Amino acid sequence: MLKTLKNPFFLAVALWLAYGVTMAFILPAFPVDETRYLTVAWEMRHSGDWLLPTLNYAPYSHKPPLLIWLINALWSVGGLSTTTARFVPILNVLACLFLTRKLAQSVYPDRPTIHTLAPLLLVASPAALIYGAMIMFDWLMTIWVLCAFIVLWRIVQ
């Protein structure tokens, strides 16, 4: 176990999980964005309409429903709560750590130090510390951007 934590990548994952889980249990839902997204997720669950998200029962179609679907999927497992919903962004940041490492391995194949330090820098960034446990679309977008960078890098190579 101690040898695993000496690897900066696994240290980044462990630090993020400890921080994220702590934040999941102590942060309230922040108005305006988080309460709005939780309301949309609750209305989707309540209405049973998984294709058209609503806010105050009016169509809420200017945001993609993936975040709302993920919140509802976790609610099905962990129960209806803000704490359970907070695990969506926490898992999204975890995915970003893995994808950041993958991108670093693609761009710098001969520099293993960068492969392990890049995710650690991401975890220590203000963006992750401030917004990492907030229920927002930003980390989902980051996942898709990282995937696009990885694919584009492979195409260029």
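That block above? That's the structure.
Here the structure is a predicted model, which is why all the values come from computation and not from measurement.

1. Topic: the packing of helix α5 (residues 82-107) against helix α8 (residues 138-156)
Following both chains from N to C, one finds α5 and α8 inclined at 15°, their axes separated by 9 Å at the closest point. With respect to their mutual orientation, α5 and α8 come out roughly parallel. At the point where α5 passes α8, the crossing takes the left-handed sense. Residues Asn92, Val93, Ala95, Cys96, Leu99, Thr100, Lys102, Leu103, Ser106 and Val107 of α5 form the contact with α8, whose participating residues are Trp139, Leu140, Thr142, Ile143, Leu146, Cys147, Phe149, Ile150, Trp153 and Arg154. Tallied by class, the residues present in the contact of α5 with α8 amount to 14 nonpolar, four polar and two charged.

2. Looking at the pattern of salt bridges
Following the criterion strictly, the structure yields two salt bridges and no others. When the shortest N-O distance is used, the salt bridge between Arg36 and Asp33 registers 3.2 Å. Taken together, the residues Arg36 and Asp33, both in helix α3 (residues 33-47) and three residues apart, mark about one turn of the helix. The partner of Arg86 in a salt bridge is Glu34, and the shortest N-O contact between them spans 2.5 Å. Here Arg86 is found in helix α5, whereas its partner Glu34 is found in helix α3, with 52 residues between them in sequence. On the accessibility criterion, Glu34 (1% relative accessible area) is buried.

3. Quick look at the side chain of Thr84
If you trace the backbone, Thr84 turns up in helix α5. A polar atom in the side chain of Thr84 sits 3.3 Å from the backbone oxygen of Gly78. In this structure, Thr84 is in contact with Leu74, Trp75, Gly78 and Gly79, ignoring residues within four places of it in sequence.

4. Considering the side chain of Arg86
When its relative accessible area of 0% is taken as the criterion, Arg86 is described as buried. In terms of polar contacts, Arg86 uses its side chain to reach the backbone carbonyl oxygen of Ala133, at 2.7 Å. Every residue in contact with Arg86, bar those within four places of it in the chain, is listed here: Met23, Ala24, Leu27, Pro28, Ala29, Phe30, Glu34, Ala133, Met134 and Ile135.

5. So, a nonpolar patch on the surface
On the surface, a nonpolar cluster with roughly 590 Å² of combined accessible area is contributed by Met141, Val145, Phe149, Val151, Leu152 and Ile155. Position of Phe149 relative to the elements: it lies in helix α8. Given the relative accessible area of 45%, Phe149 is considered partly exposed.

6. Let's talk about the nonpolar core
Membership of the largest hydrophobic core comes to 36 residues, with the highest contact counts inside it found for Trp16, Tyr37, Leu67, Ile71, Leu97 and Ile135. Elements with a minimum of two residues in this core: α2 (8-26), α3, α4 (66-78), α5, α6 (112-124) and α8. Per-element tally for this core: the top contributor is α5, with nine residues. In contact with Ile71, other than residues within four places in its own chain, are Ala41, Ala85, Val88 and Ile135.

7. Considering the environment of Leu121
Here Leu121 lies in helix α6. The exposed category is assigned to Leu121, whose relative accessible area is 63%. Considering only alpha carbons, one finds Leu121 and Pro8, 113 residues apart in sequence, at a separation of 9.6 Å.

The rules we used
Residues numbered from 1 in each chain as written. Predicted model: local features only at pLDDT ≥ 70, side-chain atom pairs only at ≥ 80, totals over all residues. Heavy atoms only, no water. Axes fitted to C-alpha atoms, helices over the stretch in contact; angles between N-to-C directions. Helix = DSSP H or I, 4+ residues; strand = E, 2+ residues; numbered from the N terminus. Parallel < 35°, antiparallel > 145°, perpendicular 65-115°, else oblique. Left-handed = near helix turned anticlockwise from the far one by under 90°. Contact = heavy atoms within 4.5 Å. Nonpolar A, V, L, I, M, F, W, Y, C, P; charged D, E, K, R; others polar. Salt bridge = Lys/Arg side-chain N within 4 Å of Asp/Glu carboxyl O. Buried < 20%, exposed > 50% of the residue type's maximum accessible area, 1.4 Å probe, protein only. Polar contact = N/O pair within 3.5 Å; in protein donor to acceptor, adjacent residues only side chain to side chain. Patch = residues over 30% accessible without salt bridge, like charges linked within 9 Å, V, L, I, M, F, W, Y side chains within 5 Å. Areas by Shrake-Rupley, 256 points an atom, 1.4 Å probe, with all protein chains shown as cover. Core = buried A, V, L, I, M, F, W, Y, C linked by side-chain atoms within 4.5 Å.

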